[in-house]
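If you want the building blocks of each chain, they are given just below.
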Amino acid sequence: AQINQNNMDWNGRYEPKLFMPMVFSGLIEGARGFAFYRDEIVRQRVWQHQWIQSFSDFATKIRTNSKFVNLLRTPHWTSYEAEPTAPTTLKYGLRELDGKLYMLVANMGPSRQRVRFQILGYPYQLVAVKEFFRNVWVTSVSNNKFDLDLGPFETAIYWLKKRP
């Protein structure tokens, strides 16, 4: 994936907060790697940018969590669909690993997004949603519908728990 001019805000100014949502957007769409060049960007060298620390933190999560690495290696499509019940600026996608369903989400916008999703075509009844990295339950599920609440430019991975 190449991330460059898309890291601009709506007025064409460089926006470091968009960096992690852009990385997640790439992962959601199937990116397998990222390349960074040490060009001068907006009169600063790339390693001086605020977002390089965000990526460094993310890279540490990748290196220290083999389950996450395995999740990223799975196909970026499933035979099921996540569908929002209203238009949204969130990017999202489903993946399966070891019989469990996961959802990657990125808020690409500068405002909080609260969105109800429905999982279509999934042969099991979902009962709860757990945030992957923080390992906390975030919402319950009814009729395979659930609400997600993401802050500006926030990214997350969720485990969608099915009924045993």
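Let me sum up the structure you'll find in this document. (Residues numbered from 1 in each chain as written. Predicted model: local features only at pLDDT ≥ 70, side-chain atom pairs only at ≥ 80, totals over all residues. Heavy atoms only, no water.)

## A look at the pairing of strand E8 (residues 136-140)
In plain terms, the rule: Between any two strands, pairing holds if DSSP finds at least two bridges. Note on conventions: DSSP H or I runs of at least 4 residues are helices, E runs of at least 2 residues are strands, and numbering of each starts at the N terminus.
Examined bridge by bridge, strand E7 (residues 126-131) and E8 share four bridges and lie antiparallel to one another. Within the sheet, the bridge partner assigned to Lys130 lies in E8 and is Trp137. Counting the residues between successive antiparallel strands, the hairpin from E7 to E8 contains four residues, one of them, Asn135, with a positive phi of roughly 60°.

## Examining the nonpolar core
Under the convention used in this document: What we call a nonpolar core is a set of buried Ala, Val, Leu, Ile, Met, Phe, Trp, Tyr and Cys residues that are connected through their side-chain atoms within 4.5 Å. Type-normalised accessible area, obtained with a 1.4 Å probe on protein chains alone, sets the label of each residue: buried when under 20%, exposed when over 50%, and partly exposed for intermediate values. Residues are treated as being in contact if the distance between any of their heavy atoms lies within 4.5 Å.
Counting 21 residues, the largest nonpolar core has Phe58, Tyr102 and Ile157 as the members making the most contacts within it. Other than its neighbours up to four places away in sequence, Tyr102 contacts Lys67, Leu71, Gly93, Leu94, Arg95, Leu97, Phe132, Ile157, Tyr158 and Trp159. Counting 20 residues, the second largest nonpolar core, distinct from the first, contains Val105, Phe117, Phe146 and Tyr158.

## Quick notes on the side chain of Arg95
Basically, it comes down to this: Neither His nor the chain ends is counted toward charge; the positive residues are Lys and Arg and the negative residues Asp and Glu. Salt bridge, as applied in this entry: a Lys or Arg side-chain nitrogen positioned within 4 Å of an Asp or Glu carboxyl oxygen. The definition of a polar contact used here is a pair of N or O atoms within 3.5 Å, where within protein one atom must be able to donate a hydrogen and the other to accept one, and adjacent residues in sequence count solely through side-chain atom pairs.
Turning to its location among the elements, Arg95 is positioned in strand E4 (residues 90-97). Comment: no salt bridge for buried Arg95; closest opposite-charge side chain is Glu29, at 10.0 Å. Among the polar contacts made by the side chain of Arg95, one reaches the main-chain carbonyl oxygen of Leu27 at a distance of 2.4 Å. A polar contact is formed between the side chain of Arg95 and the backbone oxygen of Thr74, at a distance of 3.3 Å.

## Quick word on the sheet that holds strand E10 (residues 155-162)
Adjacent strands of a sheet form backbone hydrogen bonds with each other and so pair up, either parallel or antiparallel. Rules: Only the stretch in contact is used when fitting a helix axis, every axis being a line fitted to C-alpha atoms; angles between N-to-C directions are given from 0 to 180 degrees.
Judged by pairing direction, the sheet is antiparallel, and its five strands sit side by side in the order E4-E5-E10-E7-E8 without closing on themselves. Looking at which strands have only one partner, the edges of the open sheet turn out to be E4 and E8. Neighbour to neighbour, the strand axes of the sheet diverge by 30° on average, direction disregarded. With five bridges connecting them, E7 and E10 associate as antiparallel partners. Its bridge partner lying in E10, Leu126 is registered against Lys162. Contacting E4, strand E5 (100-107) and E10, helix H1 (residues 19-28) runs over the sheet at an angle of about 140° to E5.

## Remarks on the sheet that holds strand E9 (residues 145-150)
Strand order in the open sheet formed by three strands is E3-E6-E9, with antiparallel pairing between adjacent strands. Edge positions in the sheet fall to strand E3 (81-84) and E9, since each of these pairs with one other strand and no more. Across the sheet, the mean angle from the axis of one strand to that of its neighbour is 35°, orientation sign disregarded. The pairing of E3 with strand E6 (residues 113-120) spans four bridges and is classified as antiparallel. By the bridge assignment for E6, Pro84 is matched with Phe117.

## Some details on H1
Taking burial as the measure, the ten residues of H1 include ten buried ones, the bulk of the element. Within H1, the full set of buried residues consists of Phe19, Met20, Pro21, Met22, Val23, Phe24, Ser25, Gly26, Leu27 and Ile28. Just beyond H1, the residue with positive phi is Gly30, at close to 105°.

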